[in-house]
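Observations on the three-dimensional arrangement
Chain residues, written in single-letter form:
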Number of protein chains: 2
Amino acid sequence: NAAAKNAAVEVLTAQGCTVEVSDLYAMGFKATATAEDIKGEVKNADNFCYLEESKLAWEQGKLSDDITKEQSKLTEADLIIFQFPMYWFSVPAILKGWIDRVLTNGFAFSQDKRYSQGVFQDKKAMLSFTTGSLESMFSPTGINGDMNVTLWPLQNGILHYCGFQVLAPQIFWAPSAAAVEDRKSMLESWRTRLQGLLEEKPLSFVPLDCFDEAAFQLKPAVHEKHASEEFGLTVGIHLNKPLPPHSQMKAGYSKTD
Amino acid sequence: NAAAKNAAVEVLTAQGCTVEVSDLYAMGFKATATAEDIKGEVKNADNFCYLEESKLAWEQGKLSDDITKEQSKLTEADLIIFQFPMYWFSVPAILKGWIDRVLTNGFAFSQDKRYSQGVFQDKKAMLSFTTGSLESMFSPTGINGDMNVTLWPLQNGILHYCGFQVLAPQIFWAPSAAAVEDRKSMLESWRTRLQGLLEEKPLSFVPLDCFDEAAFQLKPAVHEKHASEEFGLTVGIHLNKPLPPHSQMKAGYSKTD
């Protein structure tokens, strides 16, 4: 992961990008969402609700400095790359803490600004990670199940929820089980990809206006239009059809155009 | 979540169970997996690998006291209930930290002991959580996608991976948007369920011996046997068929018996 991060810094900097790194372990980044994230008095200390209190604190400029600093970086950024070792089918706790604390209600989303209408529509984000398991284990017939399913809560539920254009993930499959040359070639292909990364087409998600506004269900007209298609619309919304292959891994699959 | 936890303690204690609560926030539980989790010298400080180092430390009895204490509780337990508010389609960072740090390589799984051959085959575990979103949003046609997909990495990738018999999740749908009476009846139905919880049949997962031992792919014979079935085997392994309804939410769906 360090090598992949270094490659990204190097290649993007060489292209003229300004690259800022948040090394969460080095920063000793606080992972847990608590009342200490708010400066001064909270609204309801007896029945503390983080979602509500952090929104209020954000509005009043009372979020703790470590959160505010990360939010400023996010505001500046055109592209965010999350580089991590996959732990237990998800991000490590320290990165989950960054997500829980920095993507504050109000700052990163609101009732009106979510998904394709989300706050960060003009920004891109992507996951770049290593796995412990072999690629075959994460195939549709593998024991871990389809990697698209594992990616859905992260890519749809976090990144796309905040409006980000989600670039295809960079997956380093089981590098610790790979030969040195294979590890080198994984890094080489990441370096090659990085050169064209900013021009890549993002993954497809179903636009918000395909859903009704009360229950957020697919509108009947959209349903009908796709009734005869081979695949469901996404990995999460499948219309009782097979999952579209690679919908969470390759750009360009879109049936709602 | 506090009310749901209290109900569980009360009802299970009344049934004669000994209930132990790990309140992670109250404990100030450390969420991040770092070299400080290991007492004394680590093997490779320059290129610290948590998976390897924590396994070694577990073997040598050198894991930090907070981890060891939680592992002892786990060893004693017949049933573990994870009670949490769903944050960003997953567990809050502090609970992810418990998972990352307590379910140590060697203690909770090994190359030979995973999934249906897992370490905790004789124990039960379940998720009990609140959502921010309405249930309709987490339906197969809802904007968040099928809740079964969101549950797969948690229930299959963490709980079942360690061998636990996974009981159906208890989902408190959007309690903060619900009327007081509805919240009360959510708690009432949890209390009712708790009375028979220990006798419940767990969710179904595809047994390990349905997969080959090299690539962990479904064996061709299993594939063929299920070719004519209506649904794929699980939410993660779908054979290009629709996801089985409620496979991650209701017990009793099993096509491999």
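Before reading on, note that the structure itself is shown above.
Okay, so let's go over this structure. Note that this is a predicted model, so its numbers are computed, not measured.

Moving on, we get to the overall build of chain A. When its secondary structure is counted, chain A shows 8 helices and 4 strands. In chain A, the succession of α and β elements from N to C terminus is α-α-α-α-β-α-β-α-β-β-α-α. Against the 2.2 N^0.38 benchmark of 18 Å for 257 residues, chain A shows a C-alpha radius of gyration of 19 Å, consistent with a compact globule. Each principal axis of the C-alpha distribution contributes one length, and for chain A these read about 55 × 50 × 35 Å. Going through the 257 residues of chain A one by one, you find that 53% of them count as buried. Across chain A, every contact between residues at least 6 apart in sequence was considered, and the portion connecting residues at least 24 apart equals 69%. Within the structure as shown, chain A displays about 11600 Å² of accessible surface, and the carbon and sulfur contribution to it stands at 51%. Of the charged side chains in chain A, 24 are positive and 32 negative, and the gap between their average positions amounts to 2 Å.

Below, the discussion takes up the interface of chain A and chain B. At the interface, 60 residues of chain A touch 60 residues of chain B. Carbon and sulfur atoms make up 64% of the area that chain A and chain B hide from each other, which totals about 4700 Å². The interface formed by chain A and chain B holds 0 salt bridges in total. Between chain A and chain B we count 28 residue pairs in polar contact (both at pLDDT 80 or more) in total. Put simply, the parts of the chain that give the side of chain A that touches chain B at least two residues each are helix H5 (93-102) and helix H6 (147-160) of chain A. The residue makeup of the side of chain A that touches chain B, split by class, is 37 nonpolar, 18 polar and 5 charged.

Counting 114 residues, the largest nonpolar core has Trp98(A), Leu103(A), Trp98(B) and Leu103(B) as the members making the most contacts within it. Counting residues per element, the ones that place at least two in this core are strand S1 (79-85), H5, strand S2 (124-130) and H6 of chain A together with strand S1 (79-85), helix H5 (93-102), strand S2 (124-130) and helix H6 (147-160) of chain B. Discounting residues that sit within four places of it in the chain, Trp98(B) has contacts with Leu24(B), Phe29(B), Glu70(B), Leu74(B), Phe82(B) and Leu103(B).

Quick look at the packing of helix H1 (residues 2-14) of chain B against helix H7 (residues 180-196) of chain B now. Residues and elements named next belong to chain B. Put simply, H1 and H7 touch, their axes get as near as 9 Å, and they point 30° apart. What the angle tells us is that H1 and H7 run roughly parallel. Both H1 and H7 take part in a crossing whose hand is right-handed. Counted together, Ala3, Ala4, Ala7, Ala8, Glu10, Val11 and Leu12 of H1 and Leu187, Trp190, Arg191, Leu194 and Gln195 of H7 form the full contact between these two elements.

Turning one copy of the chain about an axis and sliding it along that axis gives the other copy, so a rotation and a shift relate them. Screw-axis analysis of chain A against chain B gives a translation of 0.0 Å along the axis, an RMSD of 0.0 Å, and a rotation angle of 180°. These values place the two chain copies in the arrangement generated by a two-fold rotation axis. Taken as a fraction of all interface residues of chain A, those also at the interface in chain B reach 100%, which identifies the copy contact as same-surface.

Moving on, we get to the pattern of salt bridges. Residue and element names in this part refer to chain B. If you walk through the whole model with that rule in mind, you get 20 salt bridges over all chains. A salt bridge links Arg101 to Asp37; its shortest N-O distance comes to 2.9 Å. Taken as a pair, Arg101 in helix H5 and Asp37 in the loop between helix H2 (24-27) and helix H3 (50-59) lie far apart in primary sequence, 64 residues in all. Relative accessible area serves as the criterion here: at 1%, Arg101 is assigned to the buried category.

To continue, consider the state of the cysteines. All names here are of chain B. Enumeration according to the criterion identifies 0 disulfides over all chains in this entry. The thiol sulfur of Cys49 is not disulfide-bonded, and the nearest other cysteine sulfur, from Cys162, lies at 17 Å. Judged by its relative accessible area of 31%, Cys49 falls in the partly exposed class.

Next up on the list: the packing of aromatic side chains. For any two aromatic rings, the description comes down to two numbers: the centre-to-centre distance and the angle of the planes. What the rule picks out here adds up to 28 aromatic pairs over all chains. Relative to Trp88(B), the ring of Tyr161(A) has its centre 5.6 Å away and its plane inclined at 90°; by these criteria the two rings are edge-to-face. A residue pair is termed interchain when its members come from two chains, as with Tyr161(A) in the loop between H6 and strand S3 (165-166) and Trp88(B) in the loop between S1 and H5. For Trp88(B), a relative accessible area of 13% gives the class buried. Clustering of aromatic rings is evident, with ring pairs tying together Trp58(A), Phe107(A), Phe120(A) and Phe164(A).

The next subject is helix H3 (residues 50-59) of chain A. Residues and elements named next belong to chain A. Inspection of H3 places Tyr50, Glu53, Ser54 and Ala57 among the buried residues, and these make up the whole buried set. Viewed end-on, H3 has its buried residues packed into an arc of 95°, placing them on one side of the element. Taken together, the buried residues of H3 touch helix H4 (65-76) and H5. Looking one or two places after H3, you find Gly61, whose phi comes out positive at around 65°.

Turning to the pairing of S1(A), a few remarks are in order. Residues and elements named next belong to chain A. Judged from the 7 bridges that link them, S1 and S2 form a sheet pairing that is parallel. Paired with Leu79 across the strands is Lys124, a residue of S2. Regarding topology, H5 serves as the crossover connection from S1 to the parallel S2, and that connection is right-handed.

Moving on: the pairing of S2(B). Residues and elements named next belong to chain B. Summarising burial for S2: 7 of the 7 residues are buried, a large majority. The two faces of S2 match: Lys124, Met126, Ser128 and Thr130 on one face and Ala125, Leu127 and Phe129 on the other face are all buried. Across 2 bridges, S2 lies against strand S3 (residues 165-166) in parallel orientation. Within the sheet, the bridge partner assigned to Lys124 lies in S3 and is Gln165. One ladder, built from 3 bridges, connects S2 with strand S4 (residues 170-172); its direction is parallel. From the neighbouring strand, Ser128 faces S4, where its bridge partner is Gln170.

Residue and element names in this part refer to chain A. Across the interface, H4 lies against H5 with an axial gap of 10 Å and an inter-helix angle of 85°. One way to sum up the angle between H4 and H5 is to call them roughly perpendicular. Across from Asp66, Ile67, Glu70, Gln71 and Leu74 in H4, the residues of H5 making contact are Trp98, Arg101 and Val102. Residues belonging to the contact of H4 with H5 are distributed by class as follows: 4 nonpolar, 1 polar and 3 charged.

About the criteria used
- Residues numbered from 1 in each chain as written.
- Chains lettered and ligands numbered in written order.
- Predicted model: local features only at pLDDT ≥ 70, side-chain atom pairs only at ≥ 80, totals over all residues.
- Heavy atoms only, no water.
- Helix = DSSP H or I, 4+ residues; strand = E, 2+ residues; numbered from the N terminus.
- Rg over C-alpha atoms; globule rule 2.2 N^0.38 Å.
- Buried < 20%, exposed > 50% of the residue type's maximum accessible area, 1.4 Å probe, protein only.
- Contact = heavy atoms within 4.5 Å.
- Areas by Shrake-Rupley, 256 points an atom, 1.4 Å probe, with all protein chains shown as cover.
- Lys, Arg positive; Asp, Glu negative; His and termini not counted.
- Charge placed at Lys NZ, Arg CZ, Asp CG, Glu CD.
- Buried area = accessible area lost by both parts, 1.4 Å probe.
- Salt bridge = Lys/Arg side-chain N within 4 Å of Asp/Glu carboxyl O.
- Polar contact = N/O pair within 3.5 Å; in protein donor to acceptor, adjacent residues only side chain to side chain.
- Nonpolar A, V, L, I, M, F, W, Y, C, P; charged D, E, K, R; others polar.
- Core = buried A, V, L, I, M, F, W, Y, C linked by side-chain atoms within 4.5 Å.
- Axes fitted to C-alpha atoms, helices over the stretch in contact; angles between N-to-C directions.
- Parallel < 35°, antiparallel > 145°, perpendicular 65-115°, else oblique.
- Left-handed = near helix turned anticlockwise from the far one by under 90°.
- Least-squares fit on C-alpha atoms with pLDDT ≥ 70 in both.
- Disulfide = S-S within 2.5 Å.
- Phe/Tyr/Trp six-rings, centres within 6.5 Å; stacked < 30°, edge-to-face > 60°.
- Arc of directions from axis to C-beta.
- Pairing = 2+ DSSP bridges.
- Right-handed = clockwise from strand over helix to strand, strands pointing away.

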